Amino acid sequence: MEVTFQQVVRQYGKTEALSGLTLNLDGDKIIGILGRNGAGKSTALQIAAGHLKPSGGKVSIFGENPFNSLFASANTLLVHEGMSFPPALRLNAILGEMERAYPSFDKKLARSLLEHFGIPDNAFHIQLSKGMKNTFNMVAGIAARTPLTMFDEPLNGMDAGVRSDLLQVLLKDYIARPRMILLSGHQLEGMEDLFEEVVILHQGRLLHHGNADEFKEGFARISGPASEVRRAASKVQVLELHETLPGMAEAIIMVQPGTTLFMNEGSGLKSTSVSLGDAYVAMTRKKGGIDRVYADATDSR
Ligand SMILES: Nc1ncnc2c1ncn2[C@@H]1O[C@H](COP(=O)(O)OP(=O)(O)OP(=O)(O)O)[C@@H](O)[C@H]1O
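Anyway, here's the lowdown on the structure attached to this text. (Residues numbered from 1 in each chain as written. Predicted model: local features only at pLDDT ≥ 70, side-chain atom pairs only at ≥ 80, totals over all residues. Heavy atoms only, no water.)

### Considering the site of the ligand
Piece 1. With respect to spatial proximity, 13 residues lie near the ligand, and among them Gly38, Lys41, Ser42, Thr43 and His186 are the closest.
Piece 2. Contact between the ligand and Asn37: an oxygen atom at 2.9 Å from a side-chain N or O atom of the residue.
Piece 3. Within the backbone of Gly40, a nitrogen or oxygen atom sits 2.9 Å from an oxygen atom of the ligand.
Piece 4. Taking 630 Å² as the accessible area of the ligand by itself, protein coverage stands at 60%.
Piece 5. Elements supplying a minimum of two residues to the shell around the ligand: strand E2 (15–26) and helix H1 (41–48).
Piece 6. With 3 residues, H1 is the largest single contributor of residues to the shell around the ligand. (Near = heavy atom within 4 Å. Polar contact = N/O pair within 3.5 Å; in protein donor to acceptor, adjacent residues only side chain to side chain. Areas by Shrake-Rupley, 256 points an atom, 1.4 Å probe, with all protein chains shown as cover. Helix = DSSP H or I, 4+ residues; strand = E, 2+ residues; numbered from the N terminus.)

Right, dumping it as structure tokens:
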């Protein structure tokens, strides 16, 4: 399984959603596709699924251009909130259609999962609540078992119980039948533990691609008395530093692989790990952050 983007550009009028994205993914893995709002994640996934044509560059999925490719459409599935199904079909009939479209679709698994989540299979898709729609879509995506399955913000609107059950079943099914799964999202709780690799997009380009654990290990959060945090931070690359309580501060810093943070005993400093979500947000935050925006906006009054 190989997905490659070479210098891919995608324009929407004057907006450039992808500005020369180059990325190589291969192997059966669960890969997190992360990035701030507007970074180009959905556009990249829609291009990989063959739903959108790039304005420039080359994309290949299983060695083929996915756009208008029957082979690619039978072997890839993009699950997203805007998925639409024929309004006259009940859920059970939609599952029947998916079974015909995807050779590895497991209808029995899909029906059992719908029953578990209390979604009647004689309902129409349009009648479902937002969380139920996304649950149905994700169930269909898991049961399709396409060699490349992509989920774009799949967990929106779901309650915590449904989220954790779906992620558990996704992991179980992936272990039983490995395939390439791309997962994008902002609410990463529960999801980030599944990622073997992470791809971080920023302003339509690739900012980082690598092993998820190694990426996380490249960051640390130090907190404690503000003067001590500033002293420790002066020796390393700091992504973010702000006051918490009066006289106290915390910073997110970059840590070189294989190095240990040296902190004076009795300094009151504490070092903790940084979640994947906090790490990529810190990495892509504008200088000064929201504190600077607020200070600048209110200074002149
Ligand atoms: N149909 C469209 N028409 C015009 N501009 C679009 C369209 N779709 C996306 N864009 C623009 O392309 C850029 C990338 O959007 P995209 O949806 O790919 O980002 P994203 O990383 O998925 O964002 P989010 O996390 O907010 O969903 C944004 O500037 C967006 O406004």
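### Some words on the environment of Ala282
Piece 1. Checked against the element boundaries, Ala282 lands in helix H9 (residues 276–284).
Piece 2. Sequence separation of Ala282 and Thr15 is 267 residues, and the distance between their C-alpha atoms is 25 Å.
Piece 3. With residues up to four places along the chain from it excluded, the contact list for Ala282 reads Leu239, Glu240 and Ile252. (Contact = heavy atoms within 4.5 Å.)

### A look at the packing of helix H3 (residues 91–101) against helix H4 (residues 107–116)
Piece 1. Where H3 meets H4, the closest approach of the two axes is 10 Å, and the angle between their N-to-C directions is 155 degrees. What the angle tells us is that H3 and H4 run roughly antiparallel. Between H3 and H4 the crossing geometry is right-handed. Between H3 and H4, the contacting residues are Asn92, Leu95, Gly96 and Glu99 on the first element and Lys107, Ala110, Arg111 and Leu114 on the second.
Piece 2. Across the contact of H3 with H4, the residue classes break down as 3 nonpolar, 2 polar and 3 charged. (Axes fitted to C-alpha atoms, helices over the stretch in contact; angles between N-to-C directions. Parallel < 35°, antiparallel > 145°, perpendicular 65-115°, else oblique. Left-handed = near helix turned anticlockwise from the far one by under 90°. Nonpolar A, V, L, I, M, F, W, Y, C, P; charged D, E, K, R; others polar.)

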